Amino acid sequence: KCVLGHTRNFVKCGKEGYVMPGSFKKHAQGIYNMQVRPDDVWVITFPRSGTTWMQEMVWLAENNLDFKSAKDIPLYKRFPMAEITSQIPDIAFELIKLNFLNLKSFQGLNEAVKVPSWKSLDKAPSPRFIKTHLPLSMLPPNLLNTARVVYVARDPRDVAVSYYYLHKMIAKSLMRSNFSHFWEAFRRDLLPWTPIVSHTNEAWTKRHHPNLHFVFYEDMLKDLPKEIGNVCKFLNRQYSETEINLLANHLSFKSMQKNKNVNNTVNGDDSIQFVRKGEAGGWQTHFDEKMQLQAEEFLIARLKGLDLSYPSFP
Ligand code: A3P
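Residues numbered from 1 in each chain as written. Predicted model: local features only at pLDDT ≥ 70, side-chain atom pairs only at ≥ 80, totals over all residues.

## Thoughts on the overall build of the protein
Working step 1: Assigned secondary structure in the protein consists of 16 helices and seven strands.
Working step 2: Each of the 314 residues in the protein was classed as buried or not, and the buried ones make up 39%.
Working step 3: Contacts in the protein between residues at least 24 apart in sequence constitute 73% of all its contacts with a sequence separation of at least 6. (Helix = DSSP H or I, 4+ residues; strand = E, 2+ residues; numbered from the N terminus. Buried ≥ 20, exposed ≤ 12 C-beta atoms within 10 Å, placed from the backbone. Contact = placed C-beta atoms within 7 Å.)

As structure tokens, this is what we get:
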């Protein structure tokens, strides 16, 4: 259920009040009622948590390391997103109102991503690979009992920084906000798909479900071959050590950044890349002392009473 959000064009959905653009109201029910298939593989994340990285890993693991097709077909076609693209203008509108975007950047945003929606996924051949930033509670209730799901979580402070650069990339220099302004909106749950900790906690509480594989971005950074091995085990795919190393090479930051099929840098401007920095803890150079304290308070408050903690916090 979605109700009016903090501004006219935003809605808040579910009991956690996830922020979505107004147009999502029309699609919430459709997504919730999507027909899940037993051979689906879903990758669920809060934006900027390593979605693309995991998608490429899952797709290749499930497709016998078909590097050739991975090179020929863009990831957004192999692994489309469930939420509908028509939300993008709404999101832009809201960001303009929050004074993040200049109206001129709207056109760029509108054309930025053209991906199939949940409706076309209904007709897509099996097996389907589906990406979503929606939390489990907004997805079909039988999802976990039917399909396999991978959830990637990341330190919210690094997510905030990465999310900021994503907006900058899309809006280029037209974005008015600086990071501290953006952080304020992030911690106050004003941005699409927030609140982040509730989002992650939903998956965390289901982490022992046999159809859910929960992984932290930071652990992928620490030991990629090991995490590839865990994902392959979850997917019931067997690869030799040499093959896993080949995949790890393909998935290395440098190789992903060079790979136009996954590095979705919008507007052809290379100054900010979609596959941008690939670090843990980079937030420290973006938060001044006051913001660092705020972030700590934010995390303590949001994690209170939960069993969830991040490898990098506390
Ligand atoms: P940064 O902006 O911090 O660099 P998503 O795909 O969910 O939007 O996540 C994007 C983030 O994942 C970006 O974070 C991006 O650089 C990072 N990422 C993508 N591929 C990566 C890789 N191979 N190694 C490390 N980080 C990667």
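From this point, things continue past the structure.
## Points about the sheet that holds strand 7 (residues 212-216)
Working step 1: Across the sheet, four strands lie side by side as 5-4-6-7; this open sheet has parallel pairing. Looking at which strands have only one partner, the edges of the open sheet turn out to be strand 5 (129-132) and strand 7. Strand-to-strand twist of the sheet, defined as the mean angle between neighbouring strand axes without regard to direction, takes the value 15 degrees.
Working step 2: Pairing geometry for strand 4 (residues 41-45) and strand 5, over four bridges, is parallel. (Pairing = 2+ DSSP bridges. Axes fitted to C-alpha atoms, helices over the stretch in contact; angles between N-to-C directions.)

## A short note on the packing of helix 2 (residues 51-62) against helix 13 (residues 224-235)
Working step 1: In the contact formed by helix 2 and helix 13, the axes pass within 10 Å of each other and the chain directions differ by 50 degrees. Taken together, the axes of helix 2 and helix 13 are oblique relative to one another. For the element pair helix 2 and helix 13, the recorded crossing hand is right-handed. Across from Met57, Val58, Ala61 and Glu62 in helix 2, the residues of helix 13 making contact are Ile228, Val231, Cys232 and Leu235. (Parallel < 35°, antiparallel > 145°, perpendicular 65-115°, else oblique. Left-handed = near helix turned anticlockwise from the far one by under 90°.)

## Structural notes on the site of the ligand
Working step 1: In the region of the ligand, 21 residues are neighbours, and Thr51, Thr52, Ser162, Lys277 and Gly278 sit closest.
Working step 2: Secondary-structure elements contributing two or more residues to the shell around the ligand are helix 2, helix 9 (156-171) and helix 15 (253-258).
Working step 3: Its residues assigned to classes, the shell around the ligand comprises eight nonpolar, nine polar and four charged. (Near = placed C-beta within 6 Å. Nonpolar A, V, L, I, M, F, W, Y, C, P; charged D, E, K, R; others polar.)

## Notes on the nonpolar core
Working step 1: Met57, Val58 and Val150 are the most contacted members of the largest nonpolar core, which has 66 residues in total.
Working step 2: Examining the composition of this core, we find that seven residues originate from one element, helix 2, more than from any other.
Working step 3: If we skip the residues at most four places from it in the chain, Val58 touches Val41, Val43, Phe129, Val150 and Val231. (Core = buried A, V, L, I, M, F, W, Y, C linked by C-beta atoms within 7 Å.)

## A look at the packing of helix 13 against helix 14 (residues 241-250)
Working step 1: Across the interface, helix 13 lies against helix 14 with an axial gap of 9 Å and an inter-helix angle of 115 degrees. For the element pair helix 13 / helix 14, the angle class is roughly perpendicular. Of the two possible hands of crossing, helix 13 and helix 14 adopt the one that is right-handed. Between helix 13 and helix 14, the contacting residues are Leu224, Pro225, Ile228 and Gly229 on the first element and Ile244, Asn245, Leu247 and Ala248 on the second.
Working step 2: In terms of residue class, the contact of helix 13 with helix 14 is made up of six nonpolar, two polar and no charged.

## Focus: the confidence of the model for the protein
Working step 1: In the predicted model, the protein carries a mean pLDDT of 87, and 84% of its residues have values of at least 70.
Working step 2: Taken as a whole, residues 105-116 scores under 50 in pLDDT and shows 27 contacts with residues more than four places along the chain or in a different chain.
Working step 3: Across the whole predicted complex the pTM is 0.91, and at the interface the ipTM reaches 0.99. (pLDDT = per-residue confidence, 0-100.)

## Examining unusual backbone geometry
Working step 1: For the bond from Ser126 to Pro127, the omega torsion is -5 degrees, close enough to zero to count as cis.
Working step 2: Within the secondary structure, Pro127 is located in the loop between helix 7 (118-123) and strand 5.
Working step 3: Cis geometry is found at the peptide bond from Phe313 to Pro314, where omega equals 5 degrees.
Working step 4: Along the chain, the position of Pro314 falls in the segment after helix 16 (289-303).
Working step 5: You will see that Asn64, though not glycine, has its phi angle at about 45 degrees, which is positive.
Working step 6: Relative to the helices and strands, Asn64 resides in the loop between helix 2 and helix 3 (67-72).
Working step 7: Residue class for Asn64 comes out exposed when judged on the 11 C-beta atoms lying within 10 Å of it.
Working step 8: Positive phi is not limited to glycine here, since Trp193 has a value of about 80 degrees.
Working step 9: Within the fold, Trp193 resides in the loop between helix 10 (179-187) and helix 11 (196-204).

## A few points about the sheet that holds strand 1 (residues 2-4)
Working step 1: The strand order 1-2-3 describes an open sheet built from three strands, whose pairing is antiparallel. One side of each edge strand has no neighbouring strand; the edge strands of this open sheet are strand 1 and strand 3 (18-21). Across the sheet, the mean angle separating the axes of adjacent strands is 40 degrees when strand polarity is ignored.
Working step 2: Here three bridges tie strand 1 to strand 2 (residues 10-13), and the two strands are oriented antiparallel to one another. Looking across to strand 2, one finds that Cys2 is bridged to Cys13.

## Details of helix 16
Note on helix geometry: an α-helix contains 3.6 residues per turn, so any two residues three or four positions apart are oriented the same way.
Working step 1: Between its first and last C-alpha, helix 16 extends 21 Å over 15 residues, near the 21 Å set by a 1.5 Å rise per residue.
Working step 2: Taken as a whole, helix 16 has its buried residues at Ala295, Phe298 and Leu299. Relative to the axis of helix 16, the buried residues are bounded by an arc of 90 degrees and lie together on one face. The exposed set on the far side of helix 16, more than 90 degrees from its buried face, consists of Glu289, Lys290, Leu293, Glu297, Ile300 and Ala301.
Working step 3: Of the residues trailing helix 16, Gly305 is marked for its positive phi of about 80 degrees. (Expected span 1.5 Å × (residues − 1). Arc of directions from axis to C-beta.)

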